[in-house]
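For reference, the chains in residue letters:
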Amino acid sequence: MFSKILIANRGEIAVRIIKTCRRMGIATVVVYSEADADSMAVEMADESVFIGPPPAAQSYLLADKIIEACRSTGAEAIHPGFGFLSENAGFARRCADEKIVFIGPNPHAIEAMGDKIESKKFATKAGVSVVPGHVGEIDDTAHAIKISEDIGYPVMIKASAGGGGKGIRVAWNRKDVEEGFPAVRAEAKASFGDDRIFIEKFIESPRHVEIQVLGDKHGHVVHLFERECSIQRRNQKVIEEAPSPLLDAKTRAAMGAQAVALAQAVGYDSAGTVEFVAGQDKSFFFLEMNTRLQVEHPVTELITGVDLVEQMIRSAYGQELPFKQDDLKIKGWAIESRIYAEDPYRGFLPSIGRLVRYEPPAEGELATGAVVRNDAGVREGDEISMFYDPMISKLSTWAKTREGAIDAMGRALEDFHVEGLGQNIPFLAAVMDQARFRSGKLSTNYIKDEFPDGFWGAAPTPFQRDLMAAVACAMHRVLTRRAAPQLLRDDWVVIENGERRLVRVTNGEALSVEFLGEGRTLKLSEIDWRPGRPVFKGVLDGRAFTAEVQPAPEGFRIRHRAAAGRVLVLTPRIAELHEKLPPKKAADTSKMVLSPMPGLVVSLDVAVGQQVRTGEAVAVIEAMKMQNIIRAERDGVVKAVNAKAGDSVAADEVLVEFA
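This text gives an overview of the structure that appears in the document. Since this is a predicted model, take the numbers as computed values, not measurements.

1. As for the overall build of the chain
Looking only at helices and strands, the chain features 17 helices and 40 strands. Rg of the C-alpha trace for the chain: 27 Å, near the compact-globule value of 26 Å for 659 residues, within the 12% margin. Along the three orthogonal principal directions, the C-alpha set of the chain runs to about 80 × 65 × 55 Å. Here the chain holds 659 residues, and the buried ones make up 54% of them. For the chain, the share of sequence-separated contacts (at least 6 apart) that also reach a separation of at least 24 residues comes to 63%. By element, 51% of the accessible surface of the chain is carried by carbon and sulfur atoms, the whole surface being about 27,900 Å². Here the chain contributes 82 positively and 92 negatively charged side chains, and the mean placements of these two sets differ by 3 Å.

2. Things to note about the sheet that holds strand β4 (residues 77–79)
Across the sheet, 5 strands lie side by side as β3-β2-β1-β4-β5; this open sheet has parallel pairing. The two strands at the open ends of the sheet, each matched to only one other strand, are β3 (47–52) and β5 (101–102). Judged from the 5 bridges that link them, strand β2 (residues 27–33) and β3 form a sheet pairing that is parallel. Within β3, the residue paired with valine 29 across the bridge is glutamate 47.

3. Overview of the environment of lysine 580
For lysine 580, the location among the structural elements is in the loop between α17 (572–578) and β33 (592–594). A sequence separation of 71 residues divides lysine 580 from glutamate 509, and the C-alpha atoms of the two residues are 38 Å apart.

4. Considering the packing of aromatic side chains
Tallying each qualifying case throughout the model produces 16 aromatic pairs. Centroid distance tyrosine 345 to phenylalanine 455: 5.2 Å. Interplanar angle 45 degrees. Geometry classified as tilted. Of the two residues, tyrosine 345 is situated in the loop between β16 (342–343) and β17 (349–350) and phenylalanine 455 in the loop between α15 (446–450) and α16 (462–483); the sequence distance between them amounts to 110 residues. Between the aromatic rings of phenylalanine 451 and phenylalanine 455, the centroid separation amounts to 5.9 Å while the plane-to-plane angle is 65 degrees, which identifies the pairing as edge-to-face. Among the aromatic residues, those joined into a ring-pair cluster are Tyr345, Phe348, Phe427, Phe451 and Phe455. Above the ring of phenylalanine 437, the side-chain terminus of arginine 402 is found at 5.0 Å from the ring centroid. Here the guanidinium or amino end of arginine 543 rests over the ring plane of phenylalanine 463, the centre of that ring lying 4.0 Å away.

5. Considerations on helix α12 (residues 402–414)
With 13 residues, α12 extends 19 Å between its outermost C-alpha atoms, agreeing within 8% with the 18 Å of an ideal straight helix rising 1.5 Å per residue. Of all the positions in α12, only Arg402, Ala405, Ile406, Ala408, Met409, Gly410, Ala412, Leu413 and Glu414 are classed as buried.

6. Description of the sheet that holds strand β26 (residues 499–506)
Spatial ordering of the closed barrel is given by β25-β26-β27-β28-β29-β30-β31-β32, a layout of 8 strands whose pairing is antiparallel. On average, each strand axis in the sheet is tilted by 35 degrees relative to the strand beside it, whichever way the strands run. Of the pairings in the sheet, the one linking strand β27 (residues 511–515) to strand β28 (residues 520–528) comprises 5 bridges and is antiparallel in character. Within β28, the position partnered with valine 513 by the bridge is leucine 522. Those strands touched by α12 are β30 (543–551) and β31 (556–560), and its axis lies near 30 degrees from that of β30. Of the strands in this sheet, β25 (491–496), β26, β27, β28, β29 (535–540), β30, β31 and β32 (563–570) touch α16, which is tilted by about 140 degrees from β31.

7. Description of the pattern of salt bridges
The final tally for this structure, using the stated rule, is 63 salt bridges. When the shortest N-O distance is used, the salt bridge between glutamate 310 and arginine 314 registers 2.9 Å. Taken together, the residues span about one helical turn, with glutamate 310 and arginine 314 both in helix α11 (residues 308–317) at a distance of 4 residues. Judged by relative accessible area, which is 14%, glutamate 310 ranks as buried. Arginine 314 gets classed as partly exposed once you look at its relative accessible area, which sits at 25%. The closest approach of N and O atoms between glutamate 518 and arginine 501, which form a salt bridge, is 3.1 Å. Here the residue glutamate 518 occupies a position in the loop between β27 and β28, and arginine 501 occupies one in strand β26, the gap between them amounting to 17 residues. In this structure glutamate 518 comes out as partly exposed when scored by relative accessible area, which is 36%. Look at arginine 501 and you get buried, because its relative accessible area is 4%. Salt bridges sharing partners connect three or more residues here, namely Arg16, Arg23, Glu301, Asp307, Glu310, Arg314, Arg373 and Asp375.

Conventions used here
- Residues numbered from 1 in each chain as written.
- Predicted model: local features only at pLDDT ≥ 70, side-chain atom pairs only at ≥ 80, totals over all residues.
- Heavy atoms only, no water.
- Helix = DSSP H or I, 4+ residues; strand = E, 2+ residues; numbered from the N terminus.
- Rg over C-alpha atoms; globule rule 2.2 N^0.38 Å.
- Buried < 20%, exposed > 50% of the residue type's maximum accessible area, 1.4 Å probe, protein only.
- Contact = heavy atoms within 4.5 Å.
- Areas by Shrake-Rupley, 256 points an atom, 1.4 Å probe, with all protein chains shown as cover.
- Lys, Arg positive; Asp, Glu negative; His and termini not counted.
- Charge placed at Lys NZ, Arg CZ, Asp CG, Glu CD.
- Pairing = 2+ DSSP bridges.
- Phe/Tyr/Trp six-rings, centres within 6.5 Å; stacked < 30°, edge-to-face > 60°.
- Lys NZ or Arg CZ within 6 Å of the ring centre and 35° of its normal.
- Expected span 1.5 Å × (residues − 1).
- Axes fitted to C-alpha atoms, helices over the stretch in contact; angles between N-to-C directions.
- Salt bridge = Lys/Arg side-chain N within 4 Å of Asp/Glu carboxyl O.

What follows is the structure, encoded as structure tokens:
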């Protein structure tokens, strides 16, 4: 076995690989950029090598520096993780030339599957179901229109070298092709240096189902069943699960057999994923093959018990697979939620910054029998940089049933506390609580269908209204006992988001919260909270919960899963007076252009005295490798410009003021 492996990656996948290498007794080397000098991966690895500035093009994508680091440390093999150089056939070939083992598939397989047109040709020859379409060269827009009308609308226009959601348009009619074909070709040329395009039938209300395959250098290939990755936003996966709630045993076997046939056709010898688009009728068609470890691999590991990183290493070393297809079984159900540094309440805009607090849920087996796993490459105090992917961690849960895995995920998300930047935990919790998600009726349009106007949280359920009232009363009682014990009383008025409720709070073995006029009394027990703590844990009428809490200008701000509210605990007289207060007016920002996110100012395109029209570009802000154009929302004359190109700005920072 290898004695030392270099990991040509960063963040959580670097940490994930280190953990397996430690278990296998293999020493590790990580490379790092300036932005990652103090990272968790650097701390955990046996050795580390600095390779350059933060931008990936000047560090993690430089093959020469990776090879040099391998040579200087005596590493025998390179694990590329995912992203960066993981699907670069030229890099894999370079490793072979340098007598360094590339822990991934052979260059031929990467090349064959990395080109979407060529991969479809291979798939067709291997007897794999492909989406009806045209996989040859397309001459011009007129040719594209003819092909589209032969296939039948709607069609998808895709860049052959595309990825990450770029170079894709759906055309519903002839006009869409006239506009979309040249746009996709231009985007493909600019993004990938390759303007080849293919057109295929667009499957309406599709599902994204993928098959995990694993091969060795002795001609053996198996599949480790499927993952459903239909919950996507902007073509990026958000929630994944294994197995898929769509498939039956017959469809699973057919899909797995086709994935194995394709892998064998290209001599596949590592971990890889064959992606399919599936119809609601269980029809399925080959989409593409990812010749690397997938981000969502933990759910497959949880239902099979197979460490995919270990098997990649063993295969690269030349060992045979230790199991055959019949040895592999599905055990239970697993779900993964991607925790991103983005603000769901602001259209999921990137939210870079420091993790002022980072408290993930406890990992391992729960009392219910469910299992929690958190794959992360960060700690409290670390920074989520604008230069890389905004993922904070991948939270996975396993249980015997899908319902059990969903319940465990909802509970684990409650226990996940992050401060210092925006994050999508409330959104993920909202999905877990939705009846449609729990029913398994998924599609890649799920987020667009269920949140057409964006995410604004969820209305509290009756249980959550009770929870917020009880938590506020408990916190108020602790604070009053400390500050003015003479003011302690039993009867209070609780105002939740403007709604009044009369309550009586008494101490006993548990805190008793009686809702006067409703004829109900709840018991709040096992309270775990003290002033200053941002998390309140307890058991309300037998149901354990965790809520995020913080003091507000009046009362408390309380969030449980996707529901949040401001809760006041007042005496009847103060409640009466409170109703007479005039509502606070929001600050007038109509004459300002604010930065919607923290980031780097790429350009500020207006000057003092300039006339600006509604919709005109005012600035470009870069965050998380994406450039965001900021436009004026009204006509006006520029009074002040408060930033310049190269400045770092915070969310809601004033960029431009109008007269």
